[in-house]
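What follows is the residue order along each chain.
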Amino acid sequence: MTTFRSDSTSLPELIKDITTGKIQLPDFQRGWVWDDDHVRNLLVSIARSFPVGAVMLMETGGEVRFQTRPVEGIDPNTVPKDPDYLILDGQQRLTSLTQAVGLASPVDTRTAKGKAIKRHYYFNIRTALEGEDRLEDAVVAVDESRQKRSDFGRKVDLDLSTRQRECEQLYFPCDKLLSPNDWASDLFKYNQEAIGTYFEFQEKVLSAFSAYQLPVIE
């Protein structure tokens, strides 16, 4: 007899279970292919508390056993070989979220034309606070060195390569969305006069991520 259960799970809890290997992928699942625009749109949807669809998990331990692997971006040597759950549906969304908000390493993504790129994602705090309709413009992608360049790479338009530069320019890294306290402490050190602005950002944007619930079908 097959039993299904539907419930909601918080985004922080899901990301924690994925990064610790409690939730993994069956090895037959194809690789993740979402592009940069999809990743940004996903982050904006959660910031707006919009639904992003349900995910489906299968509990392990039955008679049928699959080869497993962690979500892309997670070192297989750091997680157990026997996860508690496998992702059956929602791989691309969960992989995007895990890489963007749960790991410090850059996100492996693609351009609209299919070129492989690595990106870190940020919220421009000032732009995000201008209103919900500005959230799309507030999400900024930079390269793996945490810079944004133009003129074929010769000109640096945005440099977020150190925590001090992030704080001085008020760009909040998405990999700190679920654990912002260290960043807030550094903001107090590098840009104390912006603390009030940060608290407003925390209330209007960060809280959306910490409170976000995803429908999960087991």
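Before any of the text, the structure's been laid out above.
Computed from a predicted structure; not experimentally measured.

**Q** Explanation requested: the overall build of the chain in the structure shown.
**A** In terms of regular secondary structure, the chain is built from eight helices and 12 strands. Computed over its C-alpha atoms, the radius of gyration of the chain comes to 18 Å, within 12% of the 17 Å expected for a compact globule of 218 residues. The contacts of the chain with a sequence gap of at least 6 include a subset with a gap of at least 24, amounting to 69%. Carbon together with sulfur atoms contributes 46% to the accessible area of the chain, which is approximately 11600 Å² in total.

**Q** Mind showing me how you'd approach the packing of helix H2 (residues 36-47) against helix H3 (residues 91-102) here?
**A** How two helices pack is summed up by the angle between their axes together with the distance between the axes. Orientation of H2 relative to H3, taken along the N-to-C sense of each, is 85°, at an axis distance of 10 Å. On the basis of their axis angle, the class for H2 and H3 is roughly perpendicular. Contact residues: H2 offers Val39, Leu42, Leu43 and Ile46, while H3 offers Arg93, Ser96, Leu97, Ala100 and Val101. Looking at the contact of H2 with H3 residue by residue, the classes come out as seven nonpolar, one polar and one charged.

**Q** Would you mind going over the packing of aromatic side chains with me for this structure?
**A** Any aromatic ring pair is given by two values, namely how distant the centres are and how the planes are angled relative to each other. According to the stated counting rule, one finds seven aromatic pairs in the structure shown. Their ring planes at 35° and their centres at 5.9 Å tell us that Trp183 and Tyr198 sit as a pair that is tilted. Highlighted residues: Trp183 in helix H7 (residues 181-190) and Tyr198 in helix H8 (residues 195-211), separated in sequence by 15 residues. Looking at Trp183, the relative accessible area reads 0%, which means it is buried. For Tyr198, a relative accessible area of 1% translates into the label buried. Taken together, the ring pairs connect Phe123, Phe172, Trp183, Tyr198, Phe199, Phe201 and Phe209 into an aromatic cluster.

**Q** Teacher, can you tell me more about the pattern of salt bridges here?
**A** Where charged atoms from two side chains of opposite charge come close, those side chains can pair. Applying the stated criterion across every chain, the model contains 15 salt bridges. Between Arg48 and Glu136 there is a salt bridge whose closest N-O contact spans 3.7 Å. Here Arg48 is found in the loop between H2 and strand E3 (55-59), whereas its partner Glu136 is found in helix H5 (residues 135-138), with 88 residues between them in sequence. Arg146 is paired through a salt bridge with Asp175; the nearest N and O atoms lie 3.3 Å apart. You can see Arg146 sitting in the loop between strand E8 (139-142) and strand E9 (147-150) and its partner Asp175 sitting in the loop between strand E11 (171-173) and H7, a full 29 residues away along the chain. The residues Arg146 and Asp175 share a single accessibility class, namely buried. A cluster of three or more residues bridged by salt bridges with shared partners is formed by Arg163, Glu166, Asp186 and Lys189.

**Q** So what exactly am I meant to see when it comes to H7 here?
**A** Two residues of an α-helix separated by three or four positions point the same way, owing to the 3.6 residues in each turn. Along H7, the residues that are buried comprise Trp183, Ala184, Asp186 and Leu187. The buried side chains of H7 occupy one side of the element, clustering within an arc of 160° when seen end-on. Exposed positions of H7 whose direction lies more than 90 degrees from the buried face are Asn181, Asp182 and Lys189. Looking at the buried positions of H7, the neighbouring elements they touch are helix H4 (125-128), helix H6 (163-169), E11 and H8.

Definitions and limits used
- Residues numbered from 1 in each chain as written.
- Predicted model: local features only at pLDDT ≥ 70, side-chain atom pairs only at ≥ 80, totals over all residues.
- Heavy atoms only, no water.
- Helix = DSSP H or I, 4+ residues; strand = E, 2+ residues; numbered from the N terminus.
- Rg over C-alpha atoms; globule rule 2.2 N^0.38 Å.
- Contact = heavy atoms within 4.5 Å.
- Areas by Shrake-Rupley, 256 points an atom, 1.4 Å probe, with all protein chains shown as cover.
- Axes fitted to C-alpha atoms, helices over the stretch in contact; angles between N-to-C directions.
- Parallel < 35°, antiparallel > 145°, perpendicular 65-115°, else oblique.
- Nonpolar A, V, L, I, M, F, W, Y, C, P; charged D, E, K, R; others polar.
- Phe/Tyr/Trp six-rings, centres within 6.5 Å; stacked < 30°, edge-to-face > 60°.
- Buried < 20%, exposed > 50% of the residue type's maximum accessible area, 1.4 Å probe, protein only.
- Salt bridge = Lys/Arg side-chain N within 4 Å of Asp/Glu carboxyl O.
- Arc of directions from axis to C-beta.

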